[in-house]
Amino acid sequence: MHYIDGSWIESANTFEVTNPATGETIGQVADGGAVEAAQAVAAANKAFASFAALTAYDRSALLYKAWTLMTERSEDLARLMTAEQGKPLKAARNEVKYAADFLLWYAEEAKRVYGETIPSARANQRFMVMRQPVGVCAAITPWNYPISMITRKIGPALAAGCTMVLKPAEQTPLCAIAMFKIFDEVGIPAGVVNMVNTSSPEEVGNVWLQDSRVRKFTFTGSTEVGKQLASQAVSNVKRVSMELGGHAPFIVFDDADPVHAAKGLSLLKFLNTGQACISPNRIYVQRTIAEEFLQTLTTRVAAMQAGEGTTDGVTIGPLVDTASVDKVERQVQDALDKGAKLLTGGQRLNEGGLDKGHFFAPTVLSDITPDMRIHNEETFGPVAPVIVFDDERDILDKANDTAYGLAAYLYTDDISRAWRIAEGLRFGIIGINDINPTSAAAPFGGMNESGLGREGGHVGLDEYLDTKLVGWTV
Ligand code: NAP
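Note that the structure is predicted; figures quoted are calculated from it, not measured. Residue positions within a chain follow its written sequence, with the count starting from 1. Local features in this predicted model are restricted to residues of pLDDT 70 or higher, and side-chain atom pairs are both shown and tallied only at a pLDDT of 80 or more, whereas totals for entire chains, interfaces and linings draw on every residue. Excluded from the side-chain calculation are hydrogens and water; included are all heavy atoms of the structure.

(A) Quick look at the overall build of the protein. Helix numbering and strand numbering both begin at the N terminus, where a helix is a DSSP run of H or I of at least 4 residues and a strand a DSSP run of E of at least 2. Counting its regular elements, the protein contains 15 helices and 20 strands. A radius of gyration in this sense is built from C-alpha atoms; the matching globule rule multiplies 2.2 Å by the number of residues raised to 0.38. Taking 2.2 N^0.38 as the reference for a compact globule, 474 residues should give roughly 23 Å; the C-alpha atoms of the protein span a radius of gyration of 23 Å, in line with that estimate. Once the C-alpha set of the protein is aligned to its principal axes, its extents read approximately 70 × 60 × 40 Å. Whether two residues are in contact is decided by their heavy atoms, any of which lying within 4.5 Å being enough. Here the analysis covers contacts within the protein between residues at least 6 apart in sequence; of these, 73% occur between residues at least 24 apart. Only the protein chains shown count as covering a residue, and every accessible area follows the Shrake-Rupley method with a 1.4 Å probe. Taken as a whole, the protein presents about 19,000 Å² of accessible surface, with 52% of it coming from carbon and sulfur.

(B) Region of interest: the site of the ligand. Taken together, 30 residues sit near the ligand, with Thr141, Arg152, Glu170, Ser222 and Glu378 positioned nearest. Any N or O atom pair separated by 3.5 Å or less is treated as a polar contact, with the protein-specific requirement of one donor-capable and one acceptor-capable atom, and with residues adjacent in sequence counted only for side-chain atom pairs. Residue Glu243 places a side-chain N or O atom 3.4 Å away from an oxygen atom belonging to the ligand. Out of a free accessible area of 910 Å², the ligand has 88% covered by protein chains. The element contributing the most residues to the shell around the ligand is helix H8 (residues 223–233), with three residues. Asp, Glu, Lys and Arg are counted as charged, while Ala, Val, Leu, Ile, Met, Phe, Trp, Tyr, Cys and Pro are counted as nonpolar; the rest, among them Gly, fall into the polar class. For the shell around the ligand, the per-class residue count stands at 15 nonpolar, nine polar and six charged. To be near a molecule or strand, a residue needs just one of its heavy atoms within 4 Å of it.

(C) Highlighting the packing of helix H2 (residues 56–72) against helix H4 (residues 89–109). Axes, fitted as lines to C-alpha atoms, cover a helix only where it is in contact. Angles between the N-to-C directions of the axes lie from 0 to 180 degrees. Axis separation between H2 and H4 bottoms out at 7 Å; the angle between their running directions is 160 degrees. Between H2 and H4, the angle is such that the two are roughly antiparallel. Crossing angle aside, the handedness with which H2 passes H4 is left-handed. In contact with Ser60, Leu63, Tyr64, Ala66, Trp67, Met70 and Thr71 of H2, H4 contributes Val96, Ala99, Ala100, Leu103, Leu104, Tyr106 and Ala107. Taken together, the residues that form the contact of H2 with H4 break down as 12 nonpolar, two polar and no charged. Angles are sorted into four bins: roughly parallel if under 35 degrees, roughly antiparallel if over 145, roughly perpendicular if 65 to 115, and oblique for all others. In a left-handed crossing the near helix is turned counterclockwise from the far helix by less than a right angle, and in a right-handed crossing that turn is clockwise.

(D) Geometry of the nonpolar core. We define a nonpolar core as any set of buried Ala, Val, Leu, Ile, Met, Phe, Trp, Tyr and Cys residues linked to one another through side-chain atoms lying within 4.5 Å. Only protein chains enter the accessibility calculation, which uses a 1.4 Å probe; a residue whose area is less than 20% of its type maximum is buried, one above 50% is exposed, and one in between is partly exposed. Met70 and Phe293 are the most contacted members of the largest nonpolar core, which totals 92 residues. A total of 10 residues in this core trace back to one element, the largest contributor, which is H4. Of the residues that make up this core, three or more belong to each of domain 1 (2–244 + 448–473) and domain 2 (248–432). Apart from residues no more than four positions distant in its own chain, Met70 is found in contact with Leu77, Val96, Ala99, Ala100, Leu103, Ile147, Thr151, Met179 and Ile182. Core analysis: the next-biggest nonpolar cluster, separate from the first, contains 25 residues, Phe253, Val325, Ile387 and Ala418 among them. As annotated, the domain borders come from an automatic or database domain assignment.

(E) Focus on the sheet that holds strand E18 (residues 429–432). For two strands to be treated as a pair, DSSP must find no fewer than two bridges joining them. The mixed open sheet is built from seven strands, whose spatial order is E14-E15-E16-E13-E12-E17-E18. Each having just a single partner strand, strand E14 (341–344) and E18 make up the two edges of the open sheet. On average, adjacent strands in this sheet sit at an angle of 20 degrees to one another, irrespective of strand direction. Here strand E12 (residues 248–252) pairs with strand E13 (residues 280–286) via five bridges, running parallel. The residue bridging Ala248 from the neighbouring strand is Pro280, located in E13. Its contacts with the sheet put helix H14 (residues 415–424) on E12, E13, strand E17 (407–411) and E18, and the angle it makes with E18 is roughly 165 degrees.

(F) Geometry of the pairing of strand E3 (residues 14–18). What you see with E3 is a clean split: Phe15 and Val17 sit on the buried side and Thr14, Glu16 and Thr18 on the side with no burial. Note: E3 against strand E4 (residues 25–30), five bridges, orientation antiparallel. Of the residues in E4, the one forming a bridge with Thr14 is Ala30. The turn joining E3 and E4, which pair antiparallel and follow one another in sequence, is formed by six residues; a positive phi near 75 degrees is taken by Gly23.

Here you go:
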């Protein structure tokens, strides 16, 4: 189903949604295209003036109601997410909570869209700066965080007074439909939020990019697709936000506790089976503690249980599709061919009932070198590639040696070193002895080819606001 102008709409064609852990079909979803995309923009455009004219308190109340209903439905949403996307139930519950936080936080922040007055050099002149919603926004979201990537955009857009058209990922439309049911039930006015499902993302994206009524384009997904979309958005000078891929360094210095750092890495790297934009992709550990770090890491990773996310004890879910398993396997094989050492894992998992899903064993590789694909390409899978280093002096050059710039992590108990390294890392998010530097209240986003703009926090709201200067002769 699509949700356009406050109504649920079917299409003649449908596409199938499957459970990546079992291969079972769990839904058929209306397959839209250019027609529905255009209808959605027309609805969002029609709704804009009256929605923008609501008071901030009214918009806040709508977001607060959506947060309340989402919270009531959190267990159903988490179970749906596990079935559709594959992450273990505990991780799905965490994502639902994180996603709901954006609705609550922006319900509060909606009331704080302040302007300013500025002194003038002319005695009879006054300056006033207003913040106003940018207008109709188009959003495209990925499958790996199928609910939070929606609320991270819709929360601030609605707080600002924008209306939105959104296309969720093809693999996870059911989570998106469940969220739009919430928006519908809490009385968000018709046309304010619209959703089009499609198996032809380019067709829908093109309509939204070409339509000059769409004033902002916000995308979360791969750098490759993000670059194409951003270049097209230039043609009618849309505002653009891009949350793209990453290749995070994770640096463990010799003054840190190697056991604690290995525990942190095992939790962070294998979260969502490595399918996270902020997942570590190059793990640097200083030589004097490398053995203890690798031993702890390998023991923990070897004990991880893969399977369907609703099974007790499972911490590793499936990858999203066969192509993802192929990519991980190619990177591991390439590393092994070029001299990497396999410490655990390294193969597809087909036994014990896993043959119908897309499973790859949680893997630790050491002796990684810069010529290996895994050193440069985003893995998006359950593989921890480890590099031993000797000297702090060249670690910043190594860590920064990537086109990406999303997240970076370091473990150290030396506060001067922590400051020095955090300042030198060219990444938008830094975790110091911290494996979860994210929150609805904090800015999330990347430098370099990891993106443009930030989501979350008050800067996430700025992305949906225009600044207007009023000069006034009194
Ligand atoms: P993707 O292939 O770029 O797809 C993302 C979204 O874009 C999907 O909805 C997809 O639709 C759509 N899309 C693909 N090609 C398109 C086109 N030509 N025109 C319009 N839309 C198009 O990325 P993914 O594999 O789903 O997601 C994983 C990537 O997202 C990783 O690189 C990850 O690092 C990044 N990510 C970044 C963040 C962040 O905040 N920085 C957060 C999460 C994920 P279909 O589903 O129909 O293909």
